[in-house]
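# Tertiary structure, described
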Amino acid sequence: MTDAPEIRGHGLLLRGWRAGDEGDAAAVLRGLDDPEFRRWNTPLTPVDDLAAAHAYLRSRQDALKSGESVSCCVTEESSGEVLGHVGLNMIMPVFRSAHVGYWVLPEARGRGVATRALILASRLAFGELGLHRLELGHALGHEASCRIAERGGYRYEGTLRGAMFEEGRQDAFRDAHLHARLATDPEPPVA
């Protein structure tokens, strides 16, 4: 796959991130450098300036071409305003599985964006990509992400010990909740 597929629904458009686009790079920088994002996620490679954001966009394009992941820019369908990100990562074709992750820009939080984007990304994964199982992990204590997972049809499966980096560290670990959704699970309604 050379271009991320587009999918519309629930007032959103999921499209591929555009490498070289200044607006997309600025949105990625704001999203990945946001203190609330960093509280719960420790990126392997920090994105703390525009050069790093552009490098991130190029890496997402490379991962799409290799079949490793599909990263989508979440936008408001009517205006095109960038709201956040949803990605299908660590795609394993043999097992027809992947991990899903998301973030939402501060001004878009509290509007159901993450849940709606998660439902659309799941539809893409189970439909066009032919996957069977999607896993979603979040740091223990991240209640907002837990609610998003549940509203998105992802059942809680357990707690994974030491499965995520501690905040701002790559030498210490914290527990994570594991949620999953199967292609055979019904798509949840959007409230």
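Scroll up for the structure.
We now turn to the structure provided with this report. Because the structure is predicted, anything quoted here is derived from the model rather than measured. (Residues numbered from 1 in each chain as written. Predicted model: local features only at pLDDT ≥ 70, side-chain atom pairs only at ≥ 80, totals over all residues. Heavy atoms only, no water.)

### Here we look at the pattern of salt bridges
This model, assessed by the stated rule, comprises 15 salt bridges. One salt bridge in this structure joins Arg18 and Asp21, with 3.2 Å as the shortest N-O distance. Between Glu157 and Arg133 there is a salt bridge, with its nearest N and O atoms 2.6 Å apart. In this pair, Glu157 is assigned in strand E7 (residues 155–165) and Arg133 in strand E6 (residues 133–139), connecting sequence segments 24 residues apart. (Salt bridge = Lys/Arg side-chain N within 4 Å of Asp/Glu carboxyl O. Helix = DSSP H or I, 4+ residues; strand = E, 2+ residues; numbered from the N terminus.)

### Describing the pairing of E6
Taken together, the three bridges between strand E5 (residues 97–104) and E6 define a ladder with parallel strand orientation. Looking at the pairing, Ala98 lines up with Leu134 of E6. Crossover E5 to E6 through helix H4 (residues 113–126) is right-handed. As paired elements, E6 and strand E8 (residues 173–182) share seven bridges and run antiparallel to each other. Counted as the bridge partner of Ala139 is Ala176 from E8. (Pairing = 2+ DSSP bridges. Right-handed = clockwise from strand over helix to strand, strands pointing away.)

### Details of the layout of surface pockets
Considering only enclosed or pocket space, the second largest pocket measures out at about 150 Å³ in volume. Residue lining of the second largest pocket: 13 residues in total, with Asp3, Ala4, Gly16, Trp17 and Gln61 positioned closest to the centre. Contributing elements (two or more residues each) for the lining of the second largest pocket: strand E2 (12–16) and helix H3 (50–66). Examining the composition of the lining of the second largest pocket, we find that four residues originate from one element, H3, more than from any other. Of the residues that constitute the lining of the second largest pocket, the class distribution is four nonpolar, four polar and five charged. (1 Å grid on protein atoms, 1.4 Å probe; cavity = no way out; pocket = protein on both sides within 12 Å on 5 of 7 lines; lining within 4 Å. Points joined across faces, edges and corners; volume = space filled by probe spheres on them. Nonpolar A, V, L, I, M, F, W, Y, C, P; charged D, E, K, R; others polar.)

### Some details on the nonpolar core
Within the largest apolar cluster, 32 residues are counted, with the highest numbers of intra-cluster contacts made by Leu14, Val70, Val74, Val86, Leu88 and Leu134. For this core, the secondary-structure elements that each account for two or more residues are E2, strand E3 (70–76), strand E4 (82–92), E5, H4, E6 and helix H5 (143–151). With nine residues, H4 is the single largest residue contributor to this core. When near neighbours in sequence (up to four residues on either side) are disregarded, Val74 contacts Leu12, Leu13, Leu14, Glu81, Val82, Leu83, Gly84, His85, Val86, Val113 and Ala117. (Core = buried A, V, L, I, M, F, W, Y, C linked by side-chain atoms within 4.5 Å. Buried < 20%, exposed > 50% of the residue type's maximum accessible area, 1.4 Å probe, protein only. Contact = heavy atoms within 4.5 Å.)

### Brief notes about a nonpolar patch on the surface
A contiguous nonpolar surface patch, about 360 Å² in accessible area, is contributed by Met92, Val94 and Phe95. Among the secondary structure elements, Val94 is positioned in the loop between E4 and E5. (Patch = residues over 30% accessible without salt bridge, like charges linked within 9 Å, V, L, I, M, F, W, Y side chains within 5 Å. Areas by Shrake-Rupley, 256 points an atom, 1.4 Å probe, with all protein chains shown as cover.)

### Observations concerning unusual backbone geometry
Trans is the common state for peptide bonds, and a negative phi is the common state for residues other than glycine. Phi angles above zero are rare outside glycine, and His10 is one such case at about 55°. Assignment of secondary structure puts His10 in the loop between strand E1 (7–9) and E2.

### Notes on the packing of aromatic side chains
Counted according to the given criterion, the structure contains two aromatic pairs. Centre to centre, the rings of Trp17 and Trp103 are 6.1 Å apart; their planes meet at 25°, and the pair counts as stacked. Taken together, the residues Trp17 in the loop between E2 and helix H1 (22–32) and Trp103 in strand E5 connect sequence positions 86 residues apart. Across the pair, exposure class does not vary: Trp17 and Trp103 are buried alike. (Phe/Tyr/Trp six-rings, centres within 6.5 Å; stacked < 30°, edge-to-face > 60°.)

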